[in-house]
Amino acid sequence: MRAIVVRKFGATPELTDMPVPEAGAGAVRVQLEAAGVNPFDAKMADGILDGKLPHDFPMILGVDGAGTVAAVGPGVTGFAVGDRVVGKFLNPPAGHGSFAEFAVIPESGILVRVPEAVPTVAAAALPTAGLTAQDMVDGTEIQPGQTVLIIGATGGVGSFLVQLANMAGANVIATARGDVADQMTRLGAAETVDYTAGSVREQVAAGYPDGIDVLYDLVSPPEALAELAGLVRDGGTVYSTIGSADEDALRSRGIRGGNIESKGGARELTRLLDRVAEGDVVVPIDATVPLADGASVIGAVGARGKTVLAI
């Protein structure tokens, strides 16, 4: 089968032939049709899991994937051949991911059926970014009318955050270039701040001199996040998805949140898929790229929504 791999940490991802994996006891083999691309894929190739999780080389990259169950191993009762499924294909040992024509996942892992109303490409784009956004909104316990600022709103996680925070009743401020402000409005942003037009902090402070309630920051390094956190009222919430939050400094002001890694599982993914099936959540797809060209988009920046590999 074709797969995108790295042969050592730090190597350039490449398309190669790999053996078709077998579904062992308690495992499901999925014939993948689409795989979502995330910033984590490039970090995985560079070695972020080295010393943290057992791994195999050549390491097949990719976490998010959707397709059809092709085989089930002994003892599997929750899935059958032919089921449309989506999941997160990151299980020890790492290196058997979704950037491939087939992948194996434990039945007990994050794997769920895809509702009929949800296209496979949309399902594949959902798990990592969608669950991260849902975890942040759930953890914040947004109250109707609260003001939420989203830094990095046009990317995968940000696009879901805008929608979910709006659904929770928040007044959403999204950072975006002026040419995509309309897209943010359609997703649920009450207003946008053009980060190319000057300091985001100054622009937001001018409109909200009494401060905001929640800051979701998906892109800022520590120094920039610390400055933006000054916009948040004492007792508010700040989340960083890239480890930039000084949690001790936030706690000194009674601010909740901090650095977050998604813990969402199968139940949460099912809830998110149901929202997509009902039309409450849109999955913004920026680009669909053939698997053969997939290595070129790993680690790419500037996407407005999600990039998906067509397998």
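These numbers were taken from a predicted model, which means no experiment stands behind them.

(A) View of the sheet that holds strand β15 (residues 256-259). With respect to topology, 6 strands assemble into an open sheet ordered β12-β11-β10-β13-β14-β15, the strand pairing being parallel. Looking at the sheet topology across the chains shown, the edges are occupied by β12 (191-193) and β15. Neighbour to neighbour, the strand axes of the sheet diverge by 25° on average, direction disregarded. With 4 bridges joining them, strand β10 (residues 147-151) and strand β11 (residues 171-175) adopt parallel strand pairing. Note on β11: the bridge partner recorded for leucine 149 is isoleucine 173.

(B) Quick peek at helix α4 (residues 156-167). Look at α4: 17 Å from first C-alpha to last across 12 residues, which is about the 16 Å you get at 1.5 Å a residue. The buried fraction of α4 is high, at 10 of 12 residues. Within α4 the residues assigned to the buried category are Gly156, Val157, Gly158, Ser159, Phe160, Leu161, Val162, Gln163, Leu164 and Ala165. Just beyond α4, the residue with positive phi is glycine 169, at close to 100°.

(C) Quick peek at the environment of threonine 241. On the secondary structure map, threonine 241 appears in the loop between β14 (232-240) and α8 (247-252). Separated by 181 residues in sequence, threonine 241 and isoleucine 60 place their C-alpha atoms 24 Å apart. If sequence neighbours within four positions are ignored, threonine 241 has contacts with Thr132, Met136, Asp217, Leu218 and Ile260.

(D) View of the pattern of salt bridges. If you walk through the whole model with that rule in mind, you get 8 salt bridges. Here aspartate 138 makes a salt bridge to arginine 271, at a shortest N to O gap of 2.6 Å. Here aspartate 138, found in helix α3 (residues 127-140), pairs with arginine 271, found in helix α9 (residues 266-277); they are 133 residues apart in sequence, far enough to count as distant. Given a relative accessible area of 37%, aspartate 138 falls into the partly exposed group. Under the relative-accessibility criterion, arginine 271 is labelled partly exposed at 31%.

Thresholds applied
- Each residue is numbered by its place in its chain's sequence as written, counting from 1.
- Residue-level local features of this predicted model are given only where pLDDT is at least 70; pairs of side-chain atoms are given and counted only at 80 or more, and the full residue set underlies all totals for whole chains, interfaces and linings.
- To obtain the side-chain values, all non-hydrogen atoms of the structure were used and water was disregarded.
- Here the rule is simple: two strands pair whenever DSSP picks up at least two bridges between them.
- Put simply, DSSP marks the helices as runs of H or I at least four residues long and the strands as runs of E at least two long, and each gets a number from the N terminus on.
- All axes are obtained by fitting lines to C-alpha atoms, using only the stretch in contact for helices, and the reported angles, taken between N-to-C directions, cover 0 to 180 degrees.
- Any helix carries an expected span of 1.5 Å times its number of residues minus one.
- Classification of residues uses two cut-offs on accessible area relative to the type maximum, computed with a 1.4 Å probe and protein chains only: under 20% is buried, over 50% is exposed, and between them is partly exposed.
- By the convention used here, residues are in contact when the closest approach between their heavy atoms is within 4.5 Å.
- Take a side-chain nitrogen of Lys or Arg and a carboxyl oxygen of Asp or Glu: if they are within 4 Å of each other, that pair is a salt bridge.

Everything listed here is a matter of geometry and, on its own, says nothing about what the molecule does.
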